[in-house]
Amino acid sequence: MTNSRRLNMTRLMAFTVLVLGFAATSWAQKRAPMIEQIAKTYGVDSFGQIEAIRYTWSVQFPGVNVAHTWEWEPKTGKVSYEGKDKDGKPVKVTYVRSQLNSAPANVKDQIEPAFVNDNYWLLFPLHAYWDTSADVLDKGMQKLPQGKGSARLVSVKYPAEAGGYTPGDTWDLYVGKDNRVEQFVYHRGGPQKPSIVIATWASYKKAGPLLISTDHKGTADGKPLTLTITDVAVKLTGSDNWVNAQ
């Protein structure tokens, strides 16, 4: 496997918004009210209580078995990363996202894009609410893409002119009556692979006020995919203790 292909596969999705947690300057024309209900279910109203969050993002795909461990302080933008480089050598680095211009090349070109990717897997229902440049369409009840049953399809479409890593991406969220995502289909807007990812959202846990799906199984361009988020914990305002997801 080439290094470039391995990097693309570890970034199963590269996203359009770089500044996590900050809304765009104006509302898109199409914003279904349903997205606020979903975001509230996942803890958006209490996100201000989060001083830090840590987790390990892991993916298994034919030819790929990688893991990234993160600690992120949303209010300061400080990120700590542990993982391996393209040659399999251990890497540990800490940086501040507002200071990327002065960061080493591997941080700007590899680690920061991986952080954005993994964080969207962790918190996409919140990002869909924060990213007000995206259109959000409520398409009503639809058949689930995997297995039997149906759910409400809420489609989040990023504009092609948005910039970022892969403008034009679409996330199709299949949402249950409890406002939890059950499955999703990701359509990449650019030419990188994979083009289409279909996965479950399962094994939900609470980490402080946040609701996290920790298990995603499905396919990426038709090939089997297993993606997990483990060792999730948060540190809340006023406390130095980590609260483990349960």
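Model, not experiment: these values are computed from the prediction.

What counts and how
- Residues numbered from 1 in each chain as written.
- Predicted model: local features only at pLDDT ≥ 70, side-chain atom pairs only at ≥ 80, totals over all residues.
- Heavy atoms only, no water.
- pLDDT = per-residue confidence, 0-100.
- Contact = heavy atoms within 4.5 Å.
- Helix = DSSP H or I, 4+ residues; strand = E, 2+ residues; numbered from the N terminus.
- Salt bridge = Lys/Arg side-chain N within 4 Å of Asp/Glu carboxyl O.
- Buried < 20%, exposed > 50% of the residue type's maximum accessible area, 1.4 Å probe, protein only.
- Pairing = 2+ DSSP bridges.
- Core = buried A, V, L, I, M, F, W, Y, C linked by side-chain atoms within 4.5 Å.
- Phe/Tyr/Trp six-rings, centres within 6.5 Å; stacked < 30°, edge-to-face > 60°.
- Lys NZ or Arg CZ within 6 Å of the ring centre and 35° of its normal.
- Arc of directions from axis to C-beta.

### As for the confidence of the model for the chain
- Residues at a pLDDT of 70 or more form 86% of the chain, whose mean pLDDT is 89.
- pLDDT under 50 marks residues 1-10. Its contacts with residues more than four places away, or in other chains, come to 22 contacts.
- Throughout residues 14-28 the model reports pLDDT below 50, and contacts reaching past four residues in sequence, or to other chains, amount to 49 contacts.

### Side note on unusual backbone geometry
- Following Lys193, the chain continues into Pro194 via a peptide bond in cis, with omega recorded as 0 degrees.
- As for its placement among the helices and strands, Pro194 is situated in the loop between strand E8 (181-187) and strand E9 (196-200).
- For Asp221, which is not glycine, the phi torsion reads 50 degrees and is therefore positive.
- Relative to the elements of secondary structure, Asp221 occurs in the loop between strand E11 (210-220) and strand E12 (223-236).

### Brief notes about the pattern of salt bridges
- What the rule picks out here adds up to 6 salt bridges.
- Across the pair Lys40 and Glu36 runs a salt bridge, and its minimum N-O distance is 3.8 Å. Taken together, the residues Lys40 and Glu36, both in helix H2 (residues 34-41) and 4 residues apart, mark about one turn of the helix.
- Each of Glu36, Lys40 and Asp45 takes part in one network of salt bridges that share partners.

### Description of the pairing of strand E3 (residues 78-84)
- Residues Val79, Tyr81 and Gly83 point to one face of E3 and are all buried, whereas Lys78, Ser80, Glu82 and Lys84, pointing to the other face, are not buried.
- Of the strand pairs in this sheet, strand E2 (residues 64-73) and E3 are connected by 5 bridges, and their pairing is antiparallel. Bridge pairing links Thr69 to Glu82 in E3.
- Between E2 and E3, which pair antiparallel one after the other, the connecting turn spans 4 residues, and Gly77 there sits at a positive phi close to 80 degrees.
- Pairing analysis gives 7 bridges linking E3 to strand E4 (residues 90-96), with the strands arranged antiparallel. Each bridged residue has a counterpart across the sheet, and for Tyr81 the counterpart in E4 is Val93.
- Between E3 and E4, which pair antiparallel and follow one another directly, the connecting turn spans 5 residues, one of which, Gly88, has a positive phi of 85 degrees.

### What about the nonpolar core?
- Counting residues in each nonpolar core, the largest one holds 64 residues, and the members touching the most others are Phe124, Val156, Trp171, Phe184 and Leu210.
- Among the nonpolar cores identified, the runner-up in size contains 5 residues, and Leu144, Ala151, Tyr174 and Val185 belong to it.

### Overview of the environment of Val185
- Along the chain, Val185 turns up in strand E8.
- Looking at Val185, the relative accessible area reads 7%, which means it is buried.
- C-alpha of Val185 to C-alpha of Tyr174: the two residues are 11 residues apart in sequence and 8.4 Å apart in space.
- Leaving out residues up to four positions away in the same chain, Val185 has contacts with Pro145, Thr170, Trp171, Asp172, Tyr174, Ile196, Val197 and Ile198.

### What about the packing of aromatic side chains?
- For the structure on display, the rule yields 12 aromatic pairs.
- A ring pair is formed by Trp171 and Tyr186, whose centres lie 5.7 Å apart and whose planes are at 70 degrees; its orientation type is edge-to-face. Pair noted here: Trp171 is in strand E7 (residues 170-175) and Tyr186 is in strand E8, with a separation of 15 residues, a long-range link.
- Ring-pair connections join several aromatic residues into one group, and the members of that group are Tyr120, Trp121, Phe124, Trp171, Phe184, Tyr186 and Trp201.
- The aromatic ring of Trp242 is capped on one face by Arg54, whose charged end is 4.3 Å from the ring centroid.
- A cation over a ring is seen here: Arg180 above Tyr204, with NZ or CZ 4.9 Å from the ring centre.

### With respect to H2
- Met34, Ile35, Ile38 and Ala39 are the residues of H2 that are buried. All buried residues of H2 lie within an arc of 135 degrees about the axis, which places them on one face of the element.
- Contacts from the buried residues of H2 go to helix H3 (105-130), strand E5 (135-143), strand E6 (150-157) and E7.
- Backbone geometry just downstream of H2 places Gly43 in the positive-phi region, at approximately 100 degrees.

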